[in-house]
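# Structure assessment
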Amino acid sequence: MKIGVLASHRGSNLQTVMDGCLSGVIEAKLVVAISNNSSSLALQRAKGAGIATYHLSSQTHPDECKLDQAICGALSQHQVDLVLTLGYMKKLGRETLSQFKNRIINIHPSLLPKYGGHGMYGGRVHQAVLDAGEKETGVSIHLLDNEYDTGPVIAQSKLDVQTGDTPETLAGRVLELEHSLLVDTLAKIAQRKILLPN
Ligand code: GRF
């Protein structure tokens with residue numbers, strides 16, 4: 001299984017996938033990383049590991065359709081079987097979504113359908129969880145569609161919100177859970193213990 005990743009910033013999830021593939025826990029190869037952010041740590045991590053990287057954004061492709069084609073082209077050129085959006089802050093275009101239908105997976109730091117949607121990212125998610133007095137939160141991995149955080153959920157993992165939690169403490173624990181759920185889910189997809197729809 002060949003994996004392509006899109007990421008915008010830190011890339012800790014991308015790192016986890018690279019490590020999981022290298023150690024053999026995930027029977028797959030990360031073959032390409034794409035970012036809209038040329039100075040992202042995500043791209044640096046991938047480059048450092050010798051993985052093909054592309055900066056593709058409205059700067060490199062001011063025309064939205066051309067950008068979509070470039071992203072789809074890079075993924076296709078590297079014969080990607082599974083696309084992961086890991087902290088990717090942009091929507092994917094029509095061509096990429098249709099070419100990789102049911103083969104694009106997103107990770108989100110809440111128990112979807114709660115606390116997803118446009119503008120729900122990073123600390124905002126955890127602040128909203130705390131504001132609502134939730135007793136638990138967690139991580140969702142879902143198939144990507146053309147909306148934010150709405151595609152079918154394929155894996156979820158929960159953790160307890162503790163007294164005194166802040167958005168930062170919660171973010172730390174949720175991120176650890178993201179990493180473990182991501183590795184576990186990808187390992188199962190590679191072993192066909194989780195079957196993605198056709
Ligand atoms: C993660 O919390 C992910 O769920 C969200 O953005 C964050 C990305 O973190 N979509 P990183 O760039 O993988 O470190």
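Just so we're clear, the structure is a prediction, and the values are computed from it rather than from any experiment.

Moving on, we get to the site of the ligand. Around the ligand, a shell composed of Arg-10, Gly-11, Ser-12, Asn-13, Gly-87, Ile-107, His-108, Pro-109 and Glu-178 is seen. Within the side chain of Arg-10, a nitrogen or oxygen atom sits 2.6 Å from an oxygen atom of the ligand. In the model, a nitrogen atom of the ligand is placed 3.3 Å from a nitrogen or oxygen of the Ile-107 main chain. Protein coverage of the free-state accessible area of the ligand, which is 370 Å², stands at 84%.

All right, on to the environment of Ala-190 then. Assignment of secondary structure puts Ala-190 in helix α6 (residues 167-190). For Ala-190, a relative accessible area of 23% gives the class partly exposed. Ignoring anything within four residues of it in the chain, the contact list for Ala-190 reads Met-1 and Glu-27.

Another aspect to go through is the side chain of Asp-149. Note that Asp-149 resides in the loop between β6 (136-143) and β7 (153-160). Within the buried set, Asp-149 has no salt-bridge partner at all; the shortest N-O distance to an opposite charge, 10 Å, is to Lys-91. Separated by 3.4 Å, the side chains of Asp-149 and Asn-106 make a polar contact. Among residues more than four places away in sequence, those in contact with Asp-149 are Asn-106, His-108, Leu-112, Gly-116, Gly-117, Met-120 and His-142.

With that settled, consider the sheet that holds strand β3 (residues 52-55). Read across the open sheet, the 7 strands follow the order β3-β2-β1-β4-β5-β6-β7; overall the sheet is mixed. Of all strands in the sheet, those with a lone pairing partner are β3 and β7, marking the two edges. Taking the axes of each pair of neighbouring strands and ignoring which way they run, one obtains an average angle of 20 degrees across the sheet. Pairing analysis gives 5 bridges linking strand β1 (residues 2-6) to strand β2 (residues 29-35), with the strands arranged parallel. Bridged to Ile-3 within β2 is Leu-30. Each of β1, β2, β3 and β4 (82-85) is contacted by helix α3 (residues 64-77), which is oriented at about 165 degrees to β2, the strand it contacts most. Seen against the sheet, α6 touches β1, β4, β5 (104-108), β6 and β7 and runs at an angle of roughly 145 degrees to β7.

Moving on, we get to the pairing of β3. Across 4 bridges, the pairing between β2 and β3 is parallel. Directly across from Ala-33, in β3, lies its bridge partner Thr-53. In this region the chain leaves β2, passes through helix α2 (residues 41-48) and returns to the parallel neighbour β3; the handedness of that crossover is right-handed.

Taken as a whole, this structure holds 5 salt bridges when the rule is applied. Salt-bridge contacts for Asp-165 lead to Arg-173; the nearest nitrogen and oxygen are separated by 2.7 Å. Its relative accessible area of 13% is what places Asp-165 among the buried residues. On the basis of relative accessibility, which here comes to 24%, the residue Arg-173 falls in the partly exposed class. Between Asp-184 and Lys-188 there is a salt bridge whose closest N-O contact spans 3.0 Å. Here Lys-188 and Asp-184 lie together in helix α6, a separation of 4 residues that amounts to about one turn. The exposure class of Asp-184 is partly exposed, given its relative accessible area of 36%.

Rules used in this analysis
Residues numbered from 1 in each chain as written. Predicted model: local features only at pLDDT ≥ 70, side-chain atom pairs only at ≥ 80, totals over all residues. Heavy atoms only, no water. Near = heavy atom within 4 Å. Polar contact = N/O pair within 3.5 Å; in protein donor to acceptor, adjacent residues only side chain to side chain. Areas by Shrake-Rupley, 256 points an atom, 1.4 Å probe, with all protein chains shown as cover. Helix = DSSP H or I, 4+ residues; strand = E, 2+ residues; numbered from the N terminus. Buried < 20%, exposed > 50% of the residue type's maximum accessible area, 1.4 Å probe, protein only. Contact = heavy atoms within 4.5 Å. Lys, Arg positive; Asp, Glu negative; His and termini not counted. Salt bridge = Lys/Arg side-chain N within 4 Å of Asp/Glu carboxyl O. Pairing = 2+ DSSP bridges. Axes fitted to C-alpha atoms, helices over the stretch in contact; angles between N-to-C directions. Right-handed = clockwise from strand over helix to strand, strands pointing away.

By themselves, these observations are geometric and do not establish any function.
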